[in-house]
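Survey of secondary and tertiary structure
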Amino acid sequence: MHTNPYFFLIIFVGVALVFPLAPLALAWLWRHFFQPPKPGADKNATYECGVESLGDAQIQFRSQYYVYGIIFLIFDVEAIFLIPFAVAFTGLPVGAFVVILVFLLLLLEGLVWAWGKGGLDWAK
Amino acid sequence: MDESLQSELQKQGIWVTSMQDLYNWGRKNSIWPLQFGLACCAIEMIATAASRYDIARFGGEVFRPSPRQADLMIVAGTVTKKMAPQVVRLYNQMPDPKYVIAMGACAISGGPFKQGYNVLKGIDRYIPVDVYIPGCPPRPEALLHAFMELQRKIDGQKLTGGDQAAFLRAEQPSEYPVPAFGAHDLQPSKNDTVFHPPHIERV
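Figured I'd write up the structure that's included with this text. Just so you know, these numbers come straight off a predicted model, no measurement behind them.

**So, the pairing of strand β2 (residues 99-103) of chain B**
Consecutive side chains along a regular strand alternate between the two faces of the sheet. Residues and elements named next belong to chain B. Among the five residues of β2, five are classified as buried, and the element is accordingly described as predominantly covered. The sheet contact formed by strand β1 (residues 72-76) and β2 spans five bridges and is parallel. Bridging from a neighbouring strand, Val 75 pairs with Ala 102 of β2. Remark: the β1/helix α4 (residues 84-93)/β2 crossover connection has right-handed handedness. Direction of pairing for β2 relative to strand β3 (residues 131-133): parallel, over a ladder of three bridges. In the strand pairing of β3, Ala 102 is matched with Tyr 132. At this point the chain moves from β2, through helix α5 (residues 104-109), to the parallel β3, and the crossover so formed is right-handed.

In structure tokens form, the structure reads like this:
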């Protein structure tokens, strides 16, 4: 008998539908005939750790936070350059040593400037 | 079905059962406890779940971190009055059918802290408890024994009829009132629909 070579796909689709739908249907029948649903305020609550949720999930960070972001960047970049500097320290010529000192001085100056402007005070 | 007929059929290689037996058999062998411990009893509960005592032999190894997936609440340890509303709310968030094991002296009565001001004198004041385990703390064998008692209880629950299980009846509540912090004590201090202390006659 000649059959379409893609006939098995229809069987697959049928199994894929029955496999999840049968337990759902069984659960629905069980609910209908035996176990009445009992929803409630606690059961329908979003949070499920026993603690009541309070406040709003849609909060915003204050825009003053960008100052900390920039100052963090100073230390972050500094660390990236300091580690190879420290590794190669013994083999460095005097010129390279002076260059990294200038680099550190620039960053230090930026930090002192930010500190003086009150950038390290926590924004209220 | 008649017991003798069932065994007679079984000898012929025919296995018959009822929906109630099948349902209870499945439920009692897959009791998923809620994963939370309150005090030192929780250490014994952890030991029960670990390889030496191995609660997995009874189908209870799947400790669920969410009450929505749990069948059994093991109240393992001292329930302080600060914690009691959270415990009741967790119980409320569990779907039916749900069971409670009160593990240890503190959970069943307040234990050594019974005369204190800050410990709840038994979790059965707010939620219905199925199995009580005495001990301070109870050994893992005691928890396993309680687990087997609970399995026996589940096995005996009826699907239909006048004595059908409470969780199947529509009028039976699934949630119990959560106590609130009052000026001196939890308000209310106990749930009278759940808590029935024994009346002691003193002569």
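**Considering a nonpolar patch on the surface**
Residue and element names in this part refer to chain A. A contiguous nonpolar surface patch, about 1000 Å² in accessible area, is contributed by Tyr 6, Phe 7, Phe 8, Leu 9, Ile 10, Ile 11, Phe 12, Val 15 and Phe 19. The residue Leu 9 is located in helix α1 (residues 7-33) in this model. With relative accessibility at 41%, the residue Leu 9 sits in the partly exposed group.

**A look at the interface of chain A and chain B**
Contacts between chain A and chain B engage 17 residues on the former and 26 residues on the latter. Both sides of the chain A and chain B interface together cover about 1700 Å² of buried area, and 51% of this is carbon and sulfur. Looking at the side of chain A facing chain B, the largest losses of area belong to Lys38(A), Asp42(A) and Lys43(A), adding up to 36% of the total buried there. Of the charged contacts, one joins Arg68(B) and Glu48(A) as a salt bridge, the two residues approaching to 3.0 Å between their closest N and O atoms.

**Focus: the layout of surface pockets**
When its volume is computed, the largest pocket comes out at roughly 680 Å³. Along the walls of the largest pocket sit 27 residues, with Trp30(A), Gln35(A), Tyr23(B), Asp96(B) and Pro97(B) positioned nearest its centre. Only α1 of chain A together with α2 (19-28) of chain B provide two or more residues apiece to the lining of the largest pocket. A breakdown of the residues in the lining of the largest pocket according to their chemical character gives 17 nonpolar, four polar and six charged. Considering the residues around the second largest pocket, the lining is formed by 17 residues, among which Tyr91(B), Lys98(B), Pro128(B), Asp130(B) and Ala166(B) are closest to the centre. Per-class residue counts for the lining of the second largest pocket are nine nonpolar, three polar and five charged.

**Observations concerning the nonpolar core**
Residue and element names in this part refer to chain B. Leu 72, Ile 101, Met 103 and Leu 150 are the most contacted members of the largest nonpolar core, which has 29 residues in total. If we ignore the near neighbours within four places in the chain, the residues touching Leu 150 are Ile 31, Leu 72, Tyr 99, Ile 101, Asp 130 and Val 131. Counting 23 residues, the second largest nonpolar core, distinct from the first, contains Ala 70, Met 73, Ala 84 and Leu 186.

**Brief notes about α1(A)**
Note on helix geometry: an α-helix contains 3.6 residues per turn, so any two residues three or four positions apart are oriented the same way. The first and last C-alpha atoms of α1(A) sit 38 Å apart over 27 residues, in line with the 39 Å expected at 1.5 Å per residue. Its maximal kink placed at Leu21(A), α1(A) deviates by approximately 30°, while the proline Pro23(A) follows within four residues.

Reading the values: the criteria
- Residues numbered from 1 in each chain as written.
- Chains lettered and ligands numbered in written order.
- Predicted model: local features only at pLDDT ≥ 70, side-chain atom pairs only at ≥ 80, totals over all residues.
- Heavy atoms only, no water.
- Buried < 20%, exposed > 50% of the residue type's maximum accessible area, 1.4 Å probe, protein only.
- Helix = DSSP H or I, 4+ residues; strand = E, 2+ residues; numbered from the N terminus.
- Pairing = 2+ DSSP bridges.
- Right-handed = clockwise from strand over helix to strand, strands pointing away.
- Patch = residues over 30% accessible without salt bridge, like charges linked within 9 Å, V, L, I, M, F, W, Y side chains within 5 Å.
- Areas by Shrake-Rupley, 256 points an atom, 1.4 Å probe, with all protein chains shown as cover.
- Salt bridge = Lys/Arg side-chain N within 4 Å of Asp/Glu carboxyl O.
- Contact = heavy atoms within 4.5 Å.
- Buried area = accessible area lost by both parts, 1.4 Å probe.
- 1 Å grid on protein atoms, 1.4 Å probe; cavity = no way out; pocket = protein on both sides within 12 Å on 5 of 7 lines; lining within 4 Å.
- Points joined across faces, edges and corners; volume = space filled by probe spheres on them.
- Nonpolar A, V, L, I, M, F, W, Y, C, P; charged D, E, K, R; others polar.
- Core = buried A, V, L, I, M, F, W, Y, C linked by side-chain atoms within 4.5 Å.
- Expected span 1.5 Å × (residues − 1).
- Bend = angle between axes of the 7 residues up to and from the residue.

Honestly, that's just the spatial picture; any functional story needs more than this.
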